[in-house]
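Take a look at the letters that make up each chain.
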Amino acid sequence: MKETESEELSSASPSCCPPPGSHSAAFPAEAPGCQELEENRDMEKVGVLTAEVVSSCVSNLGRFGSGLHHLYHHLSLPSQDLSDVSVLSKYVHLEMLELPHNKIKDLSCVSHMPYLVTLDASHNEISSFFGFQPPMNLKEVNFSHNRITKMEDLSAYSSLCNLDLDYNSLSEITGLEQCFKLTHLSVAQNKISRISGLHSLPLTHLCLRGNQLERIEGLENLKCLQVLDLSLNRITSLSGLLNLHLLGSINLEKNMISEIQECKHIHDIFLLRDLNLVGNPVQDQPDYRLAVIFLLQHLTVLDQEKVTVEEKVSSVNQFDPPLDVVAARDHMTHLVYQLMQPQVLYDSTMPTTDSPYPMLVLTGPQGCGKRELTHRLCQELNEYFAHGTSHTTRGPYFGEEDGIDYHFVSEEDFQNMIHMGKFIQTMQYGGHSYGLSREAIEEVAREGLACCVHMELEGVFSLKNSYFEPRYILLIPTQMDKYMGHLTSRDLYTQAQIDMAVSRVELYANTNRQRLGFFDNVIPCDDWEEAYQSLRQVVKEYLLLEEQEEGDNNNRGSPDNTSNGHEPEEKLPSPRAGSGALASQSATPIDPSDPSYRNYFTKIQAELSPQKNPVELASIRRREHLVREAMVGKSPGVYSQLFKSSAQSAPSSLQNPDPHLNEASSSDESRASSALTVPGSAGGLNDSVEPLDISVLGHNLETLKDQTPEATRPGTDLLDVVVSPSSDKRPGSNNKPILPPIPAGRKTPASPSPATSPRPSPHPAGGEGGDVDREG
Ligand SMILES: Nc1ncnc2c1ncn2[C@@H]1O[C@H](COP(=O)(O)OP(=O)(O)OP(=O)(O)O)[C@@H](O)[C@H]1O
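Residues numbered from 1 in each chain as written. Predicted model: local features only at pLDDT ≥ 70, side-chain atom pairs only at ≥ 80, totals over all residues. Heavy atoms only, no water.

J.: So what's going on with the overall build of the chain? Residues and values would help.
T.: The helix and strand inventory of the chain stands at 21 helices and 22 strands. The burial tally for the chain puts 51% of its 776 residues in the buried class. Put simply, 51% of the contacts in the chain that link residues at least 6 apart link residues at least 24 apart. Of the roughly 35400 Å² that the chain leaves accessible, carbon and sulfur atoms contribute 54%. (Helix = DSSP H or I, 4+ residues; strand = E, 2+ residues; numbered from the N terminus. Buried < 20%, exposed > 50% of the residue type's maximum accessible area, 1.4 Å probe, protein only. Contact = heavy atoms within 4.5 Å. Areas by Shrake-Rupley, 256 points an atom, 1.4 Å probe, with all protein chains shown as cover.)

Here it is in structure tokens:
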């Protein structure tokens, strides 16, 4: 093959034949004669390029014309100290010419190279801009490191794709209007102070590094731009990059960008992956890196460092934390501050851990009516509920009363309260702080009532982290016009506040959609009267008042109801829905894993089993006693103490000589009193999950009750007493289903602390009993 080529080459250049197989020959259209070669050798010393040198530096042999001629297409003469390359005008077939690092001033020889595609004349002394006739196919030109001061019209160079003009003395970009194929332009290290002349070029890569730019401008129409280098300029703002939707990389190293907010200008460039702001004053801003990562969430590299997943998560948690994160932080804060205070046992503390203090939370967007409904409910059902009054730093509206609507406090006092560990939860809303204090709940608990509060969604999230287990009822507007009209008519809010409130309706709706069971009920609140009736109905069902009323009616209708000697059945969860679709909690079919299910069947089983003889009963009681002791041994002393005190202080109708029964009754009572709590956590009367209700005990409660004289008397059944509508329902009497069973020692603690010292209650809780030290 090589031989054939050589033969062809020889025939194409008879006057200057290279040795066969040698690459040391170039093949100009008319090869120089031997005499000329001699002359060239003489001139080499003064930087004149000779044909001999050329023939030693060519490469890339290829066919030409008819295919019978072979020619070298590439010539590379780097760092040869050449100043005169006019000999090249005879090499008309060159496609690539590389002459970097020479002393060339004149490139007019290129005019004779119509096939030239690539020209590298970097690091020379050229001052004339494209001083040659345009080769038709010229695509890549490198004139970097020369002495060009002015760009001229390049409209004849229509094939130009890549132009490098770095390190010249250009002060303006001009003459490129017709370069419709120019995709790469580099004009780094010049004297350009304003970006212009780029029009709608199809540039994908643009480098303007090391100029005197102060503004990013004139790039609006570069829709194809992908890589932009503006480093080493004096740019102060990132505006001017809008609409460059394909931009993937921006280098702004060593500029004068000082504000993180500048990143907002490039926020919508979704393909932006790489941003370099090294050496800008903005880097000194607090949380600079996370802030930029947050604003530009598509970045994978910032300041030449990879953006990690951890950084992305931290940035979101820091600058737009999800509700859960806000709530977790809020809860942590209050918990830690609270733990730093002397620990006391609170009035809302229940005797057993499975029966949380009953609370009702109405939530919904601002002005949806939840505050009014809360107050109305507390007024109507004042035997059961009292309002837990939050603190706020906002000033009172006309007609609002301190201590009733809110505790109005200064921001300073609010902060002090936080640091004193006074709050259960807090939140910022509309520029003000709101918080539910521990004392607000305790005040209500001291009355022997359940606490009813209203709050925004964030408060609910935070409260869900605490050990309180309230019922949450969502009041949601469904008719936006009506809701907005109501907000407007209140004449309290600016348009921005109204917009915010309205926009948050969706937040509530989404939470309800996405977090099944997050709210216990949802009530539309477009009509407040209807909403109240629904709320009332729902709450009554929580309190089991509906069943009681029904039960009463039934009892009245059929007095022989219990004449068979059986105790009235514990009611299973009501199959009726409370109100609306989300009131279906009580309508859910009984789940075998549900404790009430287990309890129900234990009871059925107990009733179906043959009567135990006295020996068996004694054995069961002994085992039960052992288990109880073991349980008590595990529990903190003060709780077991309270547990007993509670039993002692129960109303006389509940007193039983059997200590086990007293414990059981107290326990049952507390569970029954927690009818407001969510199923599964504490449960109501129907959910009396006896901790000792394990198979080894069999029918413990039933058996024990059988042995008490009271249990045999109609109307004094333990469970009956707790829920009977006819029973004493004085606040604090321990008989109300929702009441926390308040130990007798509560009213006169041995050494009251400021946090627990009770204010005189109009309704003494529980019976008379021994003092219990409530301090933890
Ligand atoms: N402790 C709290 N935690 C969270 N949110 C609270 C708390 N206390 C009150 N809020 C809620 O803060 C929002 C603003 O309350 P504010 O009383 O200032 O507004 P409002 O215009 O009277 O609205 P509303 O009639 O709903 O109470 C209300 O939605 C309110 O329920």
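Now that the structure has been shown, we can carry on.
J.: Explain the sheet that holds strand β20 (residues 450–455) residue by residue, including any values.
T.: Taken together, five strands build an open sheet; the order of strands is β15-β20-β14-β21-β22 and the sheet is parallel. Strands with a single pairing partner mark the edges of an open sheet, and in this sheet they are β15 (385–387) and β22 (521–524). Put simply, the sheet's adjacent strands are angled 25 degrees from each other on average, direction ignored. Direction of pairing for β15 relative to β20: parallel, over a ladder of three bridges. Note on β20: the bridge partner recorded for H387 is C452. (Pairing = 2+ DSSP bridges. Axes fitted to C-alpha atoms, helices over the stretch in contact; angles between N-to-C directions.)

J.: Can you tell me about the nonpolar core, naming the residues and giving the values?
T.: Ranked by size, the top nonpolar core spans 86 residues in total, and within it L88, L107, F130, F143, L176, L198 and L241 carry the most contacts. Of all elements in the fold, only α3 (51–57), β2 (69–76) and α4 (288–295) reach the threshold of two or more residues within this core. At six residues, the largest contribution of residues to this core is made by α4. When residues of this core are assigned to domains, at least three map to each of domain 1 (1–148) and domain 2 (166–320). For L198, the residues in contact, after removing those within four places along its chain, are I173, L176, L185, L203, L206, G218, L219 and L222. By size, the runner-up hydrophobic cluster in this structure holds 65 residues, among which are A327, M350, C378 and C525. (Core = buried A, V, L, I, M, F, W, Y, C linked by side-chain atoms within 4.5 Å. Domains from an automatic or database assignment.)

J.: With reference to specific residues and values, describe the site of the ligand.
T.: Around the ligand there are 19 residues in total, and R371, R394, Y434, E456 and Y493 lie nearest to it. R371 is positioned such that a nitrogen or oxygen atom in its side chain is 2.5 Å from an oxygen atom of the ligand. At a separation of 2.6 Å, an oxygen atom of the ligand approaches a polar side-chain atom of Y406. Taking 580 Å² as the accessible area of the ligand by itself, protein coverage stands at 100%. Secondary-structure elements contributing two or more residues to the shell around the ligand are α7 (370–380), β18 (423–429), β19 (432–437) and β20. (Near = heavy atom within 4 Å. Polar contact = N/O pair within 3.5 Å; in protein donor to acceptor, adjacent residues only side chain to side chain.)

J.: Lay out the environment of T300 with the relevant residues and their values.
T.: Structurally, the position occupied by T300 is in the loop between α4 and β12 (301–302). Through-space distance from the C-alpha of T300 to that of L272 is 8.6 Å; in sequence the pair is 28 residues apart.

J.: Summarise the pairing of strand β21 (residues 471–476); cite the residues concerned and give the values.
T.: In terms of residue burial, β21 counts as a mostly covered element, since six of its six residues are buried. What you see with β21 is no split at all: R471, I473 and L475 on one side and Y472, L474 and I476 on the other are buried throughout. Pairing of strand β14 (residues 359–363) with β21 involves four bridges; the strand directions are parallel. When the sheet's bridge partners are listed, V361 is paired in β21 with Y472. The pairing of β21 with β22 spans four bridges and is parallel. Bridging from a neighbouring strand, I473 pairs with N521 of β22.

J.: Break down unusual backbone geometry for me, with residues and values.
T.: Positive phi, normally seen in glycine, also occurs at D81, with a value near 60 degrees. Residue position: D81 is located in the loop between β2 and β3 (96–98).

J.: Break down the pattern of salt bridges for me, with residues and values.
T.: Taken as a whole and assessed by the stated rule, the structure comprises 21 salt bridges. Here D347 makes a salt bridge to R446, at a shortest N to O gap of 3.3 Å. In this pair, D347 sits in the loop between α6 (323–339) and β14 while R446 sits in helix α9 (residues 438–446), placing the two residues 99 residues apart along the sequence. This pair shows no difference in class: D347 is buried, exactly as R446 is. One network of salt bridges, in which partners are shared, links R371, R394, E400 and D405. (Salt bridge = Lys/Arg side-chain N within 4 Å of Asp/Glu carboxyl O.)

J.: How would you sum up the packing of aromatic side chains? Please name residues and give values.
T.: Using the criterion set out here, one finds 13 aromatic pairs in the structure. Their ring planes at 65 degrees and their centres at 5.9 Å tell us that Y406 and F408 sit as a pair that is edge-to-face. Accessibility expressed as a relative area gives 16% for F408, which makes it buried. Connected via pairs of aromatic rings, a cluster forms that spans F129, F130, F132, F143 and Y157. Of note, R438 hangs over the ring of Y346, and the distance from its end group to the ring centre comes to 3.9 Å. The ring of Y542 carries R471 above its face, with NZ or CZ at 4.0 Å from the centroid. (Phe/Tyr/Trp six-rings, centres within 6.5 Å; stacked < 30°, edge-to-face > 60°. Lys NZ or Arg CZ within 6 Å of the ring centre and 35° of its normal.)

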